[in-house]
Amino acid sequence: GSRFGPDSLAGSDGGPPPFGQSLERVKVAPFVEKLFSMITSQHTDDSIGWGPEGTSFVIREPVTFAMEVLPNYFKHNQLSSFTQQLSTYQFTRIPNASCLDVKLEFSHPLLSVGLGRSGLHEIRRGGKAA
């Protein structure tokens with residue numbers, strides 16, 4: 001018997017799960033989990049939060065974000081490392097309207113206010129077969 005219960009991973013006919021389906025499907029990557037926590041936490045609202053449409057997130061104060069928020073979630077305070085990770089997970093940078101604007105805005109089709117946590121497990125590193 002499965003320690004997850006009889007139906008947790010079973011195929012639609014009650015048999016074993018279809019090939020390639022496993023717990024990996026519902027597990028959220030640690031980076032994505034931390035990102036979502038940062039975006040949704042009230043404690044980080046001054047530095048990072050949802051964009052105006054709710055389909056992107058904005059790092060409002062990059063310096064403060066790097067020095068005060070990143071170290072609480074990751075073992076570094078390097079904004080460049082963080083943005084590289086975003087790129088690895090297929091996040092897209094949204095250009096600023098003005099070169100004087102310091103904010104950084106990123107989007108991903110599976111990350112939005114409307115979707116909440118429901119799409120997070122599907123956000124995967126690019127270039128690797130899942």
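Keep in mind it's a predicted model, so treat the numbers as computed, not measured.

Describing the environment of Gly51
Secondary-structure assignment places Gly51 in the loop between strand E1 (48-50) and strand E2 (56-59). When its relative accessible area of 8% is taken as the criterion, Gly51 is described as buried. Placed 61 residues apart in sequence, Gly51 and Ser112 show a C-alpha to C-alpha distance of 9.2 Å. Aside from chain neighbours lying at most four places away, what touches Gly51 is Ser56, Phe57, Val58 and Glu105.

Section: unusual backbone geometry
The phi torsion at Gln90 lies on the positive side, around 70°, for a residue other than glycine. Of note, Gln90 is situated in the loop between helix H3 (79-88) and strand E3 (92-94). Residue Gln90 is classed as partly exposed on the basis of its relative accessible area, which comes to 44%.

Focus: the packing of helix H1 (residues 30-40) against H3
In contact at an axis separation of 11 Å, H1 and H3 are set at 115° when each is read in the N-to-C sense. Here H1 and H3 pass one another in a crossing that is left-handed. Contact with H1, carried on its side by Phe31, Leu35 and Met38, involves Phe82, Gln85 and Leu86 of H3 and no other residues of that element. Split into classes, the residues belonging to the contact of H1 with H3 amount to 5 nonpolar, 1 polar and no charged.

Looking at the side chain of Thr44
Among the secondary structure elements, Thr44 is positioned in the loop between H1 and E1. With a relative accessible area of 6%, Thr44 lands in the buried category. Reaching out from Thr44, the side chain makes a polar contact with the backbone oxygen of Ser41 at a distance of 3.1 Å. Leave out the neighbours within four places in its chain, and Thr44 touches Met38, Val69 and Tyr73.

Brief notes about the sheet that holds E1
Strand order in the open sheet made by the 4 strands is E1-E2-E4-E3, with antiparallel pairing throughout. Looking along the sheet, the strands with just one partner apiece sit at the ends: E1 and E3. Each neighbouring strand pair of the sheet contributes to a mean axis angle of 30°, computed without reference to strand direction. Two elements, E1 and E2, share 3 bridges in a ladder whose sense is antiparallel. Bridge pairing links Gly49 to Val58 in E2.

Observations concerning the packing of aromatic side chains
In this description, a pair of aromatic rings is defined by centroid distance and the angle of the planes. This model, assessed by the stated rule, comprises 8 aromatic pairs. Between Phe57 and Phe106, the ring centres sit 5.7 Å apart and the planes meet at 25°, which makes this aromatic pair stacked. Of this pair, Phe57 sits in strand E2 while Phe106 sits in strand E4 (residues 104-107), and the two are 49 residues apart along the sequence. Residue Phe57 shares its accessibility class with Phe106, and that shared class is buried. Each residue in the set Phe31, Phe65, Phe74, Phe82 and Tyr89 is aromatic and connected to the rest through ring pairs, giving one cluster.

Conventions used here
- Residues numbered from 1 in each chain as written.
- Predicted model: local features only at pLDDT ≥ 70, side-chain atom pairs only at ≥ 80, totals over all residues.
- Heavy atoms only, no water.
- Helix = DSSP H or I, 4+ residues; strand = E, 2+ residues; numbered from the N terminus.
- Buried < 20%, exposed > 50% of the residue type's maximum accessible area, 1.4 Å probe, protein only.
- Contact = heavy atoms within 4.5 Å.
- Axes fitted to C-alpha atoms, helices over the stretch in contact; angles between N-to-C directions.
- Left-handed = near helix turned anticlockwise from the far one by under 90°.
- Nonpolar A, V, L, I, M, F, W, Y, C, P; charged D, E, K, R; others polar.
- Polar contact = N/O pair within 3.5 Å; in protein donor to acceptor, adjacent residues only side chain to side chain.
- Pairing = 2+ DSSP bridges.
- Phe/Tyr/Trp six-rings, centres within 6.5 Å; stacked < 30°, edge-to-face > 60°.

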